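The lines below spell out each chain.
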Amino acid sequence: MLIAHLPSGYVVGALGQRACPSVRGVLAAALVGSVLPDVDMLWFHLADGGRTHHHAFVTHWPLFWAAVSAVLIAATSAFRPRWRPAAMAFAAAVLLHMALDSVAAPMTWLAPFSDATVELARVPAIHPNWIVSFLLHWTFLIELAICAVAAALWLARRRQPTP
Ligand SMILES: [Zn+2]
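Rules and cut-offs
Residues numbered from 1 in each chain as written. Predicted model: local features only at pLDDT ≥ 70, side-chain atom pairs only at ≥ 80, totals over all residues. Heavy atoms only, no water. Helix = DSSP H or I, 4+ residues; strand = E, 2+ residues; numbered from the N terminus. Expected span 1.5 Å × (residues − 1). Buried < 20%, exposed > 50% of the residue type's maximum accessible area, 1.4 Å probe, protein only. Arc of directions from axis to C-beta. Contact = heavy atoms within 4.5 Å. Axes fitted to C-alpha atoms, helices over the stretch in contact; angles between N-to-C directions. Parallel < 35°, antiparallel > 145°, perpendicular 65-115°, else oblique. Donors = N, O, S within 2.8 Å, 3.2 Å for Na, K, Ca; no water. Tetrahedral: all angles 85-135°; square planar, octahedral: opposite > 155°, others 65-115°. 1 Å grid on protein atoms, 1.4 Å probe; cavity = no way out; pocket = protein on both sides within 12 Å on 5 of 7 lines; lining within 4 Å. Points joined across faces, edges and corners; volume = space filled by probe spheres on them. Nonpolar A, V, L, I, M, F, W, Y, C, P; charged D, E, K, R; others polar. Core = buried A, V, L, I, M, F, W, Y, C linked by side-chain atoms within 4.5 Å. Salt bridge = Lys/Arg side-chain N within 4 Å of Asp/Glu carboxyl O.

**Things to note about helix α4 (residues 62-79)**
Logical step 1: Between its terminal C-alpha atoms α4 stretches 25 Å, which fits the 26 Å expected from 18 residues at 1.5 Å a residue.
Logical step 2: All of the buried residues in α4 are Pro62, Trp65, Ser69 and Thr76. Along the axis of α4, the buried positions cluster into a sector of 65°, meaning they face one direction only. Within α4, the exposed residues directed more than 90 degrees away from the buried face are Val71, Ala78 and Phe79.
Logical step 3: Where α4 is buried, its residues meet α5 (84-104).

Next comes the structure, spelled out in structure tokens:
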């Protein structure tokens, strides 16, 4: 996924904020959750030298984020209930990141227990620049659709009268 992670977080956060209008931090938590797994790109470029696909790192293990999300939701439920909607928005956004990465790249959904990968479609490297191959593949339409939904939600929120 090239461009739709942050917009997908906006969709999750805007819908969560609509469901819980009096709770603060829902949109911010969703935005953070939507991009946090890709922080491993720093390691990929600065330490790993690009030898390992960043989807192999723990930050792209769905079970890792499921466990983190479960702990976050349980902890906020027990100790800070007013933060629970934000924790849930974070969990939804970070797990959506995992699902969206599975569209056009291999993801190890059961890591560390299995190396089996799941991907909806394999993008063939038919252009010298891998980014062009992704941009011209049908899966990029999914990214554009997510961006369009996010833009529509953003416009609809702007048009709402402020209380
Ligand atoms: Zn990712």
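**Some words on the packing of α4 against α5**
Logical step 1: Where α4 meets α5, the axes come as close as 9 Å, and the angle between the chain directions of the two elements is 175°. When the axis of α4 is compared with that of α5, the two are roughly antiparallel. Along its contact with α4, which presents Pro62, Trp65, Ala66, Ser69, Leu72, Ile73, Thr76 and Ser77, the element α5 presents Arg84, Ala87, Met88, Phe90, Ala91, Val94, Leu95 and Met98.

**Side note on the coordination of the zinc ion**
Logical step 1: The zinc ion binds to the protein through Asp38 (OD), His60 (NE2), His97 (NE2) and Asp101 (OD), with metal-donor distances spanning 2.0 to 2.3 Å.
Logical step 2: Considering all four donor atoms around the zinc ion, angles at the metal cover 86 to 168° and the coordination shape is irregular.
Logical step 3: Each donor residue of the zinc ion belongs to the same chain, and together they define the spacing D-x21-H-x36-H-x3-D. Placement of the pair is histidine 60 in the loop between α3 (40-46) and α4 and aspartate 101 in helix α5, with a sequence separation of 41 residues.
Logical step 4: Classification of aspartate 101 by relative accessible area gives buried; the value is 2%.

**Regarding the layout of surface pockets**
Logical step 1: Looking at the largest pocket, its volume works out to about 460 Å³.
Logical step 2: Counting only elements with at least two residues in the lining of the largest pocket, the list comes to α3, α5 and α6 (130-135).
Logical step 3: Among the residues forming the lining of the largest pocket, the class breakdown is 11 nonpolar, four polar and four charged.

**Notes on the nonpolar core**
Logical step 1: Ranked by size, the top nonpolar core spans seven residues in total: Ala29, Trp65, Ala86, Phe90, Val94, Met98 and Met107.
Logical step 2: Tryptophan 65 has contacts with Leu36, Pro37, Val58, Thr59, His60, Phe90, Val94, Leu95 and Met98, leaving out every residue within four places of it along the chain.

**A few points about helix α2 (residues 26-35)**
Logical step 1: Every buried residue belonging to α2 is among Val26, Leu27, Ala29, Ala30, Gly33 and Ser34, and all of these are buried. The buried residues of α2 occupy an angular sector of 160° when projected down its axis, which confines them to one face.

**Considerations on the pattern of salt bridges**
Logical step 1: Tallying each qualifying case throughout the model produces one salt bridge.
Logical step 2: Across the salt bridge formed by glutamate 119 and arginine 122, the nearest N and O atoms sit 2.6 Å from each other.

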